[in-house]
Amino acid sequence: MIVAVVFDLDGLLIQSEEVWDAVRERFVRERGGRYDDEIQRAMMGMSSTEWSRYLHDHAGVPEAPEEINAEVARRMLDAYREHLPLLPGAVEAVRRLADRFTLGLASSSNREIIDAVIDVAGLAPFFSATVSSEEVAHGKPAPDVYLETARRLGAEPAECTAVEDSHGGIRSAKAAGMRVVAIPNATYPPDAEALALADATVGSLDDLTVAVVSG
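What counts, and at which threshold
Residues numbered from 1 in each chain as written. Predicted model: local features only at pLDDT ≥ 70, side-chain atom pairs only at ≥ 80, totals over all residues. Heavy atoms only, no water. Helix = DSSP H or I, 4+ residues; strand = E, 2+ residues; numbered from the N terminus. Rg over C-alpha atoms; globule rule 2.2 N^0.38 Å. Buried < 20%, exposed > 50% of the residue type's maximum accessible area, 1.4 Å probe, protein only. 1 Å grid on protein atoms, 1.4 Å probe; cavity = no way out; pocket = protein on both sides within 12 Å on 5 of 7 lines; lining within 4 Å. Points joined across faces, edges and corners; volume = space filled by probe spheres on them. Nonpolar A, V, L, I, M, F, W, Y, C, P; charged D, E, K, R; others polar. Phe/Tyr/Trp six-rings, centres within 6.5 Å; stacked < 30°, edge-to-face > 60°. Lys NZ or Arg CZ within 6 Å of the ring centre and 35° of its normal. Pairing = 2+ DSSP bridges. Contact = heavy atoms within 4.5 Å. Axes fitted to C-alpha atoms, helices over the stretch in contact; angles between N-to-C directions. Parallel < 35°, antiparallel > 145°, perpendicular 65-115°, else oblique. Right-handed = clockwise from strand over helix to strand, strands pointing away.

K.L.:
Teacher, can you tell me more about the overall build of the protein here?
P.N.:
Per the secondary structure count, the protein includes ten helices and six strands. In summary, the protein has a C-alpha radius of gyration of 16 Å against a globular reference of 17 Å for 215 residues, a match within 12%. With respect to the principal axes defined by its C-alpha atoms, the protein has extents near 50 × 35 × 30 Å. Out of the 215 residues in the protein, the part that is buried amounts to 55%.

Okay, here's the thing in structure tokens:
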């Protein structure tokens, strides 16, 4: 029986992958580093500690990972203060499922970014637990962030449905032992192998009903 729903954030509730991509690309190029499709895709789902080290080690950014992380996070917060790109149906989906389930959020974003987004969107009161992958040992596609979210919710992973948009997120939630509903990201769609792992796939947040979540 499903008692909790765990949302992803980036690419699911907010159209943020494009913002992350633009902010990191500009930052890397300012530093004389390399930024291309390989770099971009490799970082999807990584925690902030992982992608900042990746930019240092593989993209040629000279600053220390901690400095990279801090500067990119600052620029992301500035971008969100100017415009928060909530996806259609995001607020309604959270409110709809909060009437029936305990809600959690498992995100690869930095803690301060998670808190800012759900506060600006007016969604903070609906989430009983939010976890950043920087707070666990490994980012997605490892199961750590979903396992920690379930722990904080006081639920077994098998009692949780995760809602994800990306290949790394689907794999992460599935590895944690959760039911997974996929809403494929239109810009960066999950690969067919990852999508096949999902228990259900819907086209939009408007289709995310209690029945779909419950299975």
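Next comes the rest of the write-up.
K.L.:
Even after reading the chapter, I still don't get the layout of surface pockets, so can you show me in this structure?
P.N.:
Empty space among the atoms becomes apparent when a probe as large as a water molecule is rolled across them. Within this model, the largest pocket holds a volume of roughly 220 Å³. Gly11, Leu87, Ile183, Pro184 and Ala186 are, among the 15 residues lining the largest pocket, the residues nearest its centre. In the lining of the largest pocket, the residues fall into seven nonpolar, six polar and two charged.

K.L.:
Got a minute to help me understand the packing of aromatic side chains in this structure?
P.N.:
Aromatic ring pairs are defined here through the distance separating the ring centres and the angle between the ring planes. On inspection of all chains with the given rule, the structure shows two aromatic pairs. Judged by centre distance (6.2 Å) and plane angle (90°), the rings of Phe7 and Phe127 are edge-to-face. Residue Phe7 is located in strand β1 (residues 4–7), and its partner Phe127 is located in the loop between α6 (111–120) and β3 (129–132); the two are separated by 120 residues in the primary sequence. Residue Phe7 shares its accessibility class with Phe127, and that shared class is buried. Over the ring of Trp51 we find Arg24; its NZ or CZ atom is 4.9 Å from the centre of that ring.

K.L.:
I tried to follow the environment of Asp37 on my own but got confused; where do I start?
P.N.:
Structurally, the position occupied by Asp37 is in helix α2 (residues 37–43). Sequence spacing of Asp37 and Arg53 is 16 residues, and the spatial spacing of their C-alpha atoms is 18 Å.

K.L.:
I keep staring at the sheet that holds strand β6 (residues 200–201) and nothing clicks. Help me out?
P.N.:
Strands in a sheet are paired, the pairing made by backbone hydrogen bonds, and the direction either parallel or antiparallel. As summarised here, the arrangement of the six strands in space is β3-β2-β1-β4-β5-β6, forming an open sheet in which the pairing is parallel. Only two strands of the sheet have a single partner each, and these edge strands are β3 and β6. Where strand β5 (residues 179–182) lies against β6, two bridges are found, and the strand directions are parallel. Across the sheet, residue Val181 finds its bridge partner in β6, namely Ala200. Across the face of the sheet, helix α7 (residues 144–153) comes into contact with β1, β2 (102–107), β3 and β4 (160–164) while running at roughly 150° to β2.

K.L.:
Sorry if this is basic, but what is going on with the side chain of Asn110 here?
P.N.:
Note that Asn110 resides in the loop between β2 and α6. Residues within four places of Asn110 in sequence aside, it is in contact with Trp20, Ser48, Trp51, Asn69, Ala73, Ser132 and Glu134.

K.L.:
Any chance you could explain the packing of helix α4 (residues 65–82) against α6 here in plain terms?
P.N.:
When two helices pack together, their arrangement is given by the angle between the helix axes and the distance between those axes. Interhelical geometry of α4 versus α6 gives an angle of 5° and a closest axis separation of 10 Å. When the axis of α4 is compared with that of α6, the two are roughly parallel. Between α4 and α6, the residues in contact are Ala73, Met76, Leu77 and Tyr80 and Glu112, Ile113, Ala116 and Val117, respectively. Across the contact of α4 with α6, the residue classes break down as seven nonpolar, no polar and one charged.

K.L.:
Hey, could you run me through the pairing of β5 in this one?
P.N.:
Burial along β5 is two-sided: Arg179 and Val181 and Val180 and Ala182, pointing in opposite directions, are all buried. Relative to β5, β4 runs parallel, the two being bridged by four bridges. Looking at the pairing, Val163 lines up with Val181 of β5. Handedness of the β-α-β unit built from β4, helix α8 (residues 167–175) and β5 comes out right-handed.

K.L.:
Just checking my understanding: could you explain unusual backbone geometry for this structure?
P.N.:
Across residues other than glycine, the phi torsion is negative in most instances, and most of the peptide bonds are trans. For the peptide bond that leads from Lys140 to Pro141, omega is 15°, which places it in the cis range. Residue position: Pro141 is located in the loop between β3 and α7.

K.L.:
Is there a simple way to explain empty space enclosed by the protein in this structure?
P.N.:
Tallying each qualifying case throughout the model produces one cavity of 30 Å³ or more. Put simply, the largest cavity is a space of about 190 Å³. Lining of the largest cavity is provided by 16 residues; of these, Asp10, Glu17, Met44, Gly45 and Ser108 occupy positions nearest its centre. Of the residues that constitute the lining of the largest cavity, the class distribution is five nonpolar, four polar and seven charged.

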